[in-house]
Amino acid sequence: SKPALCSTTRSRTPRGRPDPLDRRRPFALPLPTVSHFSGLRNMPQLELHPRGRIEAQLAEPVPVGRGPLGSRVVLDVTSVTLTGDRINAELATNDAADWATFSEDGTVAALDVRLTLKTDDGALIYVEYTGRMNVETGLIAVAPTFQTGSERYAWLNSVQAVSAGQVDPESGILIYTMYEARPVA
């Protein structure tokens, strides 16, 4: 059977004619139907493969103030080391930061982190991740992704990582255990 289509057409004037001011073009988007998934006997699962340990040093928080999404705080990341069986790297630049947004009640922080690593053999790797932190316990869950032009580390370009960590608010030291998440049928 054919996939269902979602389409939009140009708006019409009250007399039913195409509206000359509407510049949208009609399009059709295939939508999945039940038949697309009929071959699935079991839902895919995730396998977690250990990939390393991340240790970071956070600077003093810089409160930006309350905005429409919550209270924003910027934390510079002053050092990072990633150690693993396939990669060893450190912070490459001084532009690493966490742009955290705190919930109304202050119990949850939404993390938005970006940084660039340099491996022990000179390759550069851009890292970005989002996640959540329990403010009371300092426990963190994040989902890093990577971008690199290095052939040796090209495998990272297709990795979806997940990490569990904890921050010590007194010292600003943050430690994560990082896993590669692989879906399996």
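Note that this is a predicted model, so its numbers are computed, not measured.

### As for the overall build of the chain
Step number 1: Counting its regular elements, the chain contains 0 helices and 12 strands.
Step number 2: Reading the chain from its N end, one meets helices and strands in the order β-β-β-β-β-β-β-β-β-β-β-β.
Step number 3: Entry remark: accessible area of the chain is about 12,200 Å², with carbon and sulfur atoms responsible for 55%.

### Overview of the pairing of strand S11 (residues 161-168)
Step number 1: Only one face of S11 is buried: it carries Ala-161, Ser-163, Gly-165 and Val-167, and the other face, with Val-162, Ala-164, Gln-166 and Asp-168, is open.
Step number 2: As judged from the 4 bridges shared by strand S10 (residues 139-147) and S11, these two strands associate in the antiparallel manner. Following the sheet pairing, Ala-141 is matched in S11 by Ala-164.
Step number 3: Counted along the chain from S11 to the antiparallel partner strand S12 (residues 173-184), the turn is 4 residues long, and its residue Gly-172 has a positive phi close to 75°.

### What about the confidence of the model for the chain?
Atomic detail in the predicted coordinates should be set aside for any region of low pLDDT.
Step number 1: When pLDDT is averaged across the chain, the result is 87; 78% of the residues are at 70 or more.
Step number 2: Throughout residues 1-8 the model reports pLDDT below 50, and contacts reaching past four residues in sequence, or to other chains, amount to 20 contacts.

### Section: the side chain of Glu-180
Step number 1: Tracing the backbone shows Glu-180 in strand S12.
Step number 2: There is a polar contact of 2.9 Å between the side chain of Glu-180 and the side chain of Arg-51.
Step number 3: Excluding residues within four positions of it along the chain, Glu-180 makes contact with Glu-47, Leu-48, His-49, Arg-51, Val-159, Gln-160 and Ala-161.

### As for the layout of surface pockets
Over the atoms, a rolled probe matching the size of one water molecule traces out where space is still vacant.
Step number 1: Each pocket or cavity is described by its volume, and for the largest pocket that value is around 600 Å³.
Step number 2: Surrounding the largest pocket, 39 residues form its lining, Leu-58, Leu-75, Met-133, Val-167 and Gly-172 being those nearest its centre.
Step number 3: Where the lining of the largest pocket is concerned, the elements lending two or more residues are strand S3 (45-58), strand S5 (70-83), strand S7 (97-102), strand S8 (108-119), strand S9 (124-134), S10, S11 and S12.
Step number 4: Of the residues belonging to the lining of the largest pocket, the class tally is 29 nonpolar, 5 polar and 5 charged.

### Remarks on the pattern of salt bridges
Step number 1: Applying the stated criterion across every chain yields a total of 7 salt bridges.
Step number 2: Ionic pairing is found between Arg-53 and Glu-55, a salt bridge with its closest N-O pair at 3.3 Å.
Step number 3: A salt bridge links Glu-104 to Arg-66, with the nearest nitrogen and oxygen atoms 2.5 Å apart. One end of the pair, Glu-104, is in the loop between S7 and S8; the other, Arg-66, is in strand S4 (residues 62-67), with 38 residues separating them in the sequence.
Step number 4: Exposure remark for Glu-104: the relative accessible area of 68% places this residue in the exposed category.

Each value, and the rule that gives it
Residues numbered from 1 in each chain as written. Predicted model: local features only at pLDDT ≥ 70, side-chain atom pairs only at ≥ 80, totals over all residues. Heavy atoms only, no water. Helix = DSSP H or I, 4+ residues; strand = E, 2+ residues; numbered from the N terminus. Areas by Shrake-Rupley, 256 points an atom, 1.4 Å probe, with all protein chains shown as cover. Buried < 20%, exposed > 50% of the residue type's maximum accessible area, 1.4 Å probe, protein only. Pairing = 2+ DSSP bridges. pLDDT = per-residue confidence, 0-100. Contact = heavy atoms within 4.5 Å. Polar contact = N/O pair within 3.5 Å; in protein donor to acceptor, adjacent residues only side chain to side chain. 1 Å grid on protein atoms, 1.4 Å probe; cavity = no way out; pocket = protein on both sides within 12 Å on 5 of 7 lines; lining within 4 Å. Points joined across faces, edges and corners; volume = space filled by probe spheres on them. Nonpolar A, V, L, I, M, F, W, Y, C, P; charged D, E, K, R; others polar. Salt bridge = Lys/Arg side-chain N within 4 Å of Asp/Glu carboxyl O.

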